[in-house]
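Working through the structure, step by step
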Amino acid sequence: MSEPLAERLRPRTLDDYIGQRHLVGEGAVLRKMIDAGRISSFILWGPPGVGKTTLAQIIANRLKTPFYTLSAVTSGVKDVRDVIEKAQKGRFFNEASPILFIDEIHRFSKSQQDSLLGAVEKGIVTLIGATTENPSFEVIRPLLSRCQLYVLKSLEKDDLLQLLHRAVTTDVILRERKIELKETSALLRYSGGDARKLLNILELVVEAESGDVMITDELVVSRLQQNPLAYDKDGEMHYDIISAFIKSIRGSDPDAALYWMARMIEGGEDPQFIARRLVISASEDIGLANPNALLLANAAFDTVMKIGWPEGRIALAEAAVYLATSPKSNSAYLGIDEALAVVRETGNQPVPLHLRNAPTKLMKDLGYSDGYKYPHDYAGHFVAQQYLPDALMAKRFWRGQHNPTEEKLYQRMVNYWGARYKEIEN
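To start, this report covers the structure provided alongside it.

Let's talk about the overall build of the chain
Along the chain, the regular secondary structure elements total 21 helices and seven strands. For the C-alpha atoms alone, the extent of the chain along its principal axes is close to 85 × 60 × 45 Å. Looking at the chain residue by residue over its 426 residues, the buried ones come to 42%. For the chain, long-range pairs separated by at least 24 residues make up 71% of all intrachain contacts whose partners lie at least 6 apart in sequence. When the accessible area of the chain is evaluated, it comes to approximately 23400 Å², of which 53% is carbon and sulfur surface.

Shown next, in the form of structure tokens:
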């Protein structure tokens, strides 16, 4: 039995690698490291089928260094230690460190990740991790701090078309068949930017035909016989359904929110994934209009962690309904993004002298903390003074929105700061 098409077409060199030009294109950060012959530990974060495993293998081949692979699903702490021991014994002086590739590193337990720390820190192995989940949630901070993080993107339309053309013209099996790519919309749509899925669909369609093959959208749809209730935790529908779930909460539709949550639960979605999205939604979409939303979302997350499944679904449903029926505000979200934009534009503005810490006599002599007014010494625990850098004294980042909670906060700021807030009232 021959290898699957996706495996037969797996690139062996960077020149054959499709996509991710921001990382491996000429002059890009990973390309420079690879060309220099030395790489540091890093984690590749991106959706399925965008080339994470392939890129790790290409790097190992290019650097001519031993390559060890562990799957977080099947490997334990003992397996990690065994690989580290092999890497340590097999390494010669001045050689590049062996590469340890861990697929689905987000599934590694804390103890498994702890067992990697020493080897990564001492350079016994160069770690390349791959994950479809945000590493800041799933990878322990000490390990994350020792690794660069590179984000891989879903393949663009041109990348996928290039891959299709390569498949029908260069693959040892497909090139023996006369294959015409008359229509490609269905192939691209069902692949969802996933190269492996795209090639699997192409192979399925071609194998179902005899003789010459003309690829049309109708042919692809009929061969796939797509089940509308299917839920692929690692594919396009995964991202579409979580998007519909979040947008239903944002749009204040609790019925739709419960429906999309049910779709995820029935499809076997990770409860923690759902819980994390609820916490994000509480901050991003409800925000200061109902600060209790964040507390409830966090409580739902804790409940899922404590009681597990299936009872955890009740806490998630409670949080989803509460968030969907809450008033909405994104003022904090907009405020921090505007502040970040100003920081990136204006750089490191000096802290006003009266706000600086003065733990030494020299600092006091230089005027640090001189003139600072302690708000609790004043009526109402407030006194007007400058808190922003000189160049940004007139800037506003937070703008209260029209809901009962923020109206009160806004009016308090007007009472405190007067014209600074009133001057931009609508």
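As for the layout of surface pockets
Quantified by volume, the largest pocket comes out at close to 610 Å³. If you trace the largest pocket, you find 28 residues lining it, with Gly49, Val50, Gly51, Thr54 and Arg196 closest to the centre. Where the lining of the largest pocket is concerned, the elements lending two or more residues are α1 (5–8), α4 (52–63), β4 (126–131), α9 (157–170) and α11 (195–207). Taken together, the residues that form the lining of the largest pocket break down as 13 nonpolar, six polar and nine charged. For the second largest pocket, the lining is made up of 21 residues, of which Trp45, Tyr239, Ile242, Phe273 and Arg277 are closest to its centre.

Looking at a nonpolar patch on the surface
Taken together, the side chains of Tyr372, Tyr374 and Tyr387 define a hydrophobic patch exposed on the protein surface, amounting to about 310 Å² of accessible area. Look at Tyr374 and you get partly exposed, because its relative accessible area is 45%.

Topic: the nonpolar core
If you look at the biggest cluster of nonpolar residues, it comprises 27 residues, and the most contacted ones within it are Leu202, Ile215 and Val220. Only α1, α9, α10 (185–191), α11, β7 (213–215) and α12 (217–224) provide two or more residues apiece to this core. The dominant element in this core, judged by the number of residues it contributes, is α11, at seven residues. Here Ile215 is in contact with Ile179, Glu180, Leu181, Lys182, Glu183, Leu187, Leu202, Val205, Val206 and Val220, once residues within four sequence places are set aside. The next biggest cluster of nonpolar side chains, apart from the first, holds 25 residues, and it includes Ile241, Met264, Ile274 and Ala293.

As for the sheet that holds strand β1 (residues 42–45)
Taken together, five strands build an open sheet; the order of strands is β2-β3-β4-β1-β5 and the sheet is parallel. Among the strands making up the open sheet, the edge pair consists of β2 (67–71) and β5 (148–151). Ignoring which end each strand starts from, the neighbouring axes of this sheet average 20 degrees apart. The pairing of strand β3 (residues 99–103) with β4 spans five bridges and is parallel.

Cut-offs and rules
- Residues numbered from 1 in each chain as written.
- Predicted model: local features only at pLDDT ≥ 70, side-chain atom pairs only at ≥ 80, totals over all residues.
- Heavy atoms only, no water.
- Helix = DSSP H or I, 4+ residues; strand = E, 2+ residues; numbered from the N terminus.
- Buried < 20%, exposed > 50% of the residue type's maximum accessible area, 1.4 Å probe, protein only.
- Contact = heavy atoms within 4.5 Å.
- Areas by Shrake-Rupley, 256 points an atom, 1.4 Å probe, with all protein chains shown as cover.
- 1 Å grid on protein atoms, 1.4 Å probe; cavity = no way out; pocket = protein on both sides within 12 Å on 5 of 7 lines; lining within 4 Å.
- Points joined across faces, edges and corners; volume = space filled by probe spheres on them.
- Nonpolar A, V, L, I, M, F, W, Y, C, P; charged D, E, K, R; others polar.
- Patch = residues over 30% accessible without salt bridge, like charges linked within 9 Å, V, L, I, M, F, W, Y side chains within 5 Å.
- Salt bridge = Lys/Arg side-chain N within 4 Å of Asp/Glu carboxyl O.
- Core = buried A, V, L, I, M, F, W, Y, C linked by side-chain atoms within 4.5 Å.
- Pairing = 2+ DSSP bridges.
- Axes fitted to C-alpha atoms, helices over the stretch in contact; angles between N-to-C directions.

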